[in-house]
Structure formats: structure tokens, C-alpha cells
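A structural walkthrough
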Amino acid sequence: MPISVAQIDYWRQLPSETEVIEFKEAKSQYDNQKLFQYCVAIANEGGGHLILGIRNAPPRMVVGTKAIDNIQEMSKKCLDTLGFRVNIEEVAHPQGRVVVIIIPGRPKGHPYDLDGAFWMRCGESLESMTPDVLRTIVMEGESEWLLEPASERLGPAKILELLDVDLLFSMTKTPFPSTEEAVHRLVEEQFLLKERGGSFTITRFGAMLLAKQLSSFGDLRFKAPRVTVYRGASKLTDPTSDTFGTMGYLVNFPRVLRHIMARLPHREVITEGLRKSVPLVPEIVVRELVANALVHQDFTLSGSSISAEIFDDRIEISNPGETIVPVDRLINGMRSRNERLADFMRRVGICERRGSGIDRVVDAAESLHLPAPYFRATDQRTLSVAYGPRSFDEMDKSERVRACFQHCALKWETGARMTNQSLRERFKLPESKIHLVSQVIASALDAGAIKPDERAGTSKKFARYIPAWG
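Let me sum up the structure you'll find in this document. Bear in mind the structure is a predicted one, so any value in this text is a computation, not a measurement. (Residues numbered from 1 in each chain as written. Predicted model: local features only at pLDDT ≥ 70, side-chain atom pairs only at ≥ 80, totals over all residues. Heavy atoms only, no water.)

**Quick word on the overall build of the protein chain**
Put simply, the rule reads: Helix and strand assignments come from DSSP, with helices taken as H or I runs of at least 4 residues and strands as E runs of at least 2, each series counted from the N terminus. The contact criterion used is simple: two residues touch if any of their non-hydrogen atoms lie within 4.5 Å. Here Asp and Glu are counted as negative and Lys and Arg as positive; His is not counted, and neither are the chain ends. Lysine's charge is taken at NZ, arginine's at CZ, aspartate's at CG and glutamate's at CD.
If you tally the helices and strands in the protein chain, you get 15 helices and 18 strands. Considering only C-alpha atoms, the protein chain reaches an extent of 80 × 80 × 40 Å along its principal axes. Long-range pairs, those at least 24 residues apart, make up 65% of the contacts in the protein chain with a sequence separation of at least 6. Distance between charge centroids for the protein chain: 2 Å, based on 62 positive and 61 negative side chains.

Take a look at the structure:
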């Protein structure tokens, strides 16, 4: 139902701006960037209305607005920029034209951002979310699923039979205590829930990390990683190996990593006159991508698990759930879908510090002059692809542009800037091929992946570049 004049007047009479309504005078125009920021901030607060053409100060006079003269065009621009749809209506109020932007709430556990900034309202202004606020939002969805019981009520002896508690204390470098103290520690870590009568239930969090056999916990067995090996570069051939994990992540992670590395194709290289067999993709890349898939998966999606698929020229690792960080911001991305799980896996050394995993993957690919990793969010899955060696001439245009963008973003994150020379060195090209690097940079500029660093001036000789979002 269209917004009526009576509804506008009702909003005007509210004692103050509520959590879901923001009034702006905007008599002649309203800055698009500010509009986008408010859309993100209001969506992060659960959704609401941004109303143009009304003064904020009581009695909230209707002054009319000329902003957003083409509603259909602005609606499309909002969708393209924000990644979510807002509805825009204009109301012919007797005192002047009013424009109302109707903003939906964000999904549970999924804060919205604009170019990497997570906006929230603070009084009459906008501010970036504090880490505490951001963490609270991200943990909304996981707290319900991970902390739900995964077992019936059990006694301490049965708990120690089902969970690899020895491994927990070993990885946290803690002497194994008495059974009573061990159970108390498990409750503190939220691996167990204490019930009446001195019994306990194992949480999904505890089972997913420490289960000796995930099959002991019903449907959790479907959350175990799957490793499939194909002959050649296509899934059209029958797999030569198809293996499922059976244990909790803390127990199984080293085994999965060894299993993958043993089945990756190897190649011979000569180092200091000696022949050496090296894997198609370095272990650090596989380790970070598998760990990343574990901590960023959407556990609430049933019938779907982490998958590692090995081909002759690459490895593809995917997890259930679309990435909550935009693909072009994965380098140094700071959000985890399952922050509780990520925190614990960092504590025991499986994950690196917050936001460093994809950085390390890209940096390793650059150091070894491998093709740039490929990341894609698709139908309820996030896909990461790491490639074996391929020369510059063997890369297509999109692969070269992707390598250029990732190199530029990595430089930005370390406080440096990409130059023609740094990109040439990334591709391991001689100085005589500098014109090819210039062509890649031009293509990346045309694609909107990077932009010139204005502080470097206009000289082409000293040109520097930053990511488009920088």
C-alpha cells in the first residue's frame, strides 16, 4: 500500500527520531553517497525509513524536496551500489513533495557495508561500527546453531568417550587435569552445557571440534570435509578418489591437510643443481583455504559440506554459504561468519590472526609467480581456486587483470602502492616486456578494478595505483 499523507504526518508527530526513521531537509538535492551510507546504517539497525523533504527539528515542517527526481533510476543505482533493494516512494504532501526511502533490515548475522565501511547511526551523524557492535551482529546467527545440544544428557565418562579431550589440552598446551576439572573446562569453552542433576549435553560447537566420530552426533556427520581427486582438468571424468572426513575439525584438520597434500600432483624443479619434487600448490595455500572454508561456512545449510576437489592443474575448495565479505574485499577481510569457531581455531594455531588468511594465500601465489587465486560467491556456496604454475603468456586477459587487482590490493594493505615495475616483478617478466604490463594495467583500469593514486601526480613515469575501493 502506498505511503499516505496521514502516515507522513504521524511520523512527524513522533517525539524524536526513532530507530527506524531519519528525517532530512534536502530541499534541492541530497548527496548520493550520504544516501547510500544511511541506507546501510538503517539496514544494519533492522530496517526503516529515510525521509527527505522534512526538517528534523520539531515541529518537523514539510519543506518539500527536489531530490531524486527519477525514482526508477535511483532505485536501480541503489541496488547496484548497495547489493540489496530499497523501495522509493514520493508523497504529494499539501506542504510539499516528500520522498521516502524504505530500507529493509539486514539478514541475521550479516552486517551490511559500503565499500568496506560498516555504517551505523550515532545521534544525528553516521559512524563506522565499533568492533564490539560488528562482532555482536556477526555472532547472531552462530550463537543459536553452534550452541544448541548435539547429544542427549551424558555423564563425564561418556563425554570423554565421545570427545578427544586429550587433544584439546595438548593443543592449548595445558596439563591434563582431573576428570571433574576437564569437564568444567569444557563447560567454560561452551563445548558442554550443564544440565540439572549433574549431567551435561555436548554442544554442536564441542562436537564439531572434538568429536572422535561425527557419526555419533547424527546429522553432524554431513559437516565433515570431502576430498575428491579427478584425473585431468574436468569433472566429466570419474573421480579416482572420493574421501569423507569422520572426526571433529580439531582432530581431523591435520589429517585432511596431509591427505590433500599427498594427492596433489607434484612436479620436479631443480634447485642449486638438485632435483626436487614440489606440490602443484604450496601447503600454506591449501592450509589457509581449508581453514578459511571451515570457519566461514554456513552451518545452517543442511546437506552440504566443505569440499576440496583436486585436478591436474588446480585445487578447488568450497564451503556452504555465500561469503559475507565482498569478493573484492577478501584481502584483509575482517569478518567471520562463525566468530566463536574462528577465535578458538586461532587460539590453537589452525587459523592465523584475524584477516590474514587470504592475504597469505595471495602473497604465496605472488612469491612463487603462480596465477592469481580465484574467489567466487555462487548459489549458497563460496568457491576458492588455487592454480598450479602457468606462464604470463598462458594466462588470459581476465586472469592477468585479477592478478593485477590482487597485487594492487596487497600493496595497499601493506601501506605500499602498485607500480608498473612492481607488477612486472609479480609476473616475473623482464624489463623488455614492460609494455605488456602497461596493457594489463590499462585493462584493470578499464574494468574498474584499480584507479590511479592521485597523490602520485599525473606523470605516467611515476604513476602509482590503488584498488578501486581505496
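So much for the structure itself; the text now carries on.
**Digging into helix α3 (residues 71-82)**
So the rule is basically this: The length a helix should cover is 1.5 Å for every residue beyond the first. Using a 1.4 Å probe on the protein chains alone, a residue whose accessible area is under 20% of its type maximum counts as buried, one over 50% counts as exposed, and one in between counts as partly exposed. The directions considered for the arc run from the helix axis to the C-beta atoms. The definition of a polar contact used here is a pair of N or O atoms within 3.5 Å, where within protein one atom must be able to donate a hydrogen and the other to accept one, and adjacent residues in sequence count solely through side-chain atom pairs.
Between its first and last C-alpha atoms α3 spans 16 Å; for 12 residues at 1.5 Å apiece the expected length is 16 Å, and the two agree. Residues of α3 that are buried: I71, M74, C78 and L82. Projected down its long axis, α3 shows its buried positions confined to an angular sector of 60 degrees, all on one face. Away from the buried face of α3 by more than 90 degrees, exposed residues Q72, K76 and D80 are located. Against the buried residues of α3 lie α2 (32-44) and β3 (87-93). The N-cap residue of α3 is N70: its side-chain oxygen and the backbone nitrogen of Q72 are 3.4 Å apart. G83, located one to two residues past α3, shows a positive phi value of around 85 degrees.

**Thoughts on the packing of helix α13 (residues 397-413) against helix α15 (residues 434-446)**
Stated formally: The axes used here are C-alpha line fits, helices contributing only the stretch in contact, and every angle between their N-to-C directions lies in the interval 0 to 180 degrees. Roughly parallel here means an angle under 35 degrees, roughly antiparallel means over 145, roughly perpendicular means 65 to 115, and every remaining angle is called oblique. Note on residue classes: Ala, Val, Leu, Ile, Met, Phe, Trp, Tyr, Cys and Pro are nonpolar, Asp, Glu, Lys and Arg are charged, and everything else, Gly too, is polar.
Where α13 meets α15, the closest approach of the two axes is 9 Å, and the angle between their N-to-C directions is 85 degrees. The orientation of α13 relative to α15 falls into the category roughly perpendicular. Counted together, K397, R400, V401 and C404 of α13 and V440, I441, S443 and A444 of α15 form the full contact between these two elements. Residue classes in the contact of α13 with α15 are distributed as five nonpolar, one polar and two charged.

**Quick notes on helix α1 (residues 5-12)**
Among all positions in α1, only I8, W11 and R12 are buried. For α1, the arc enclosing every buried residue in end-on projection is 105 degrees, short of the 170-degree limit, so these residues lie on one face. For α1, exposure combined with an orientation more than 90 degrees from the buried face picks out A6 and Y10. Contacts made by the buried residues of α1 are with β1 (21-24), β2 (48-52), β3 and β4 (96-103).

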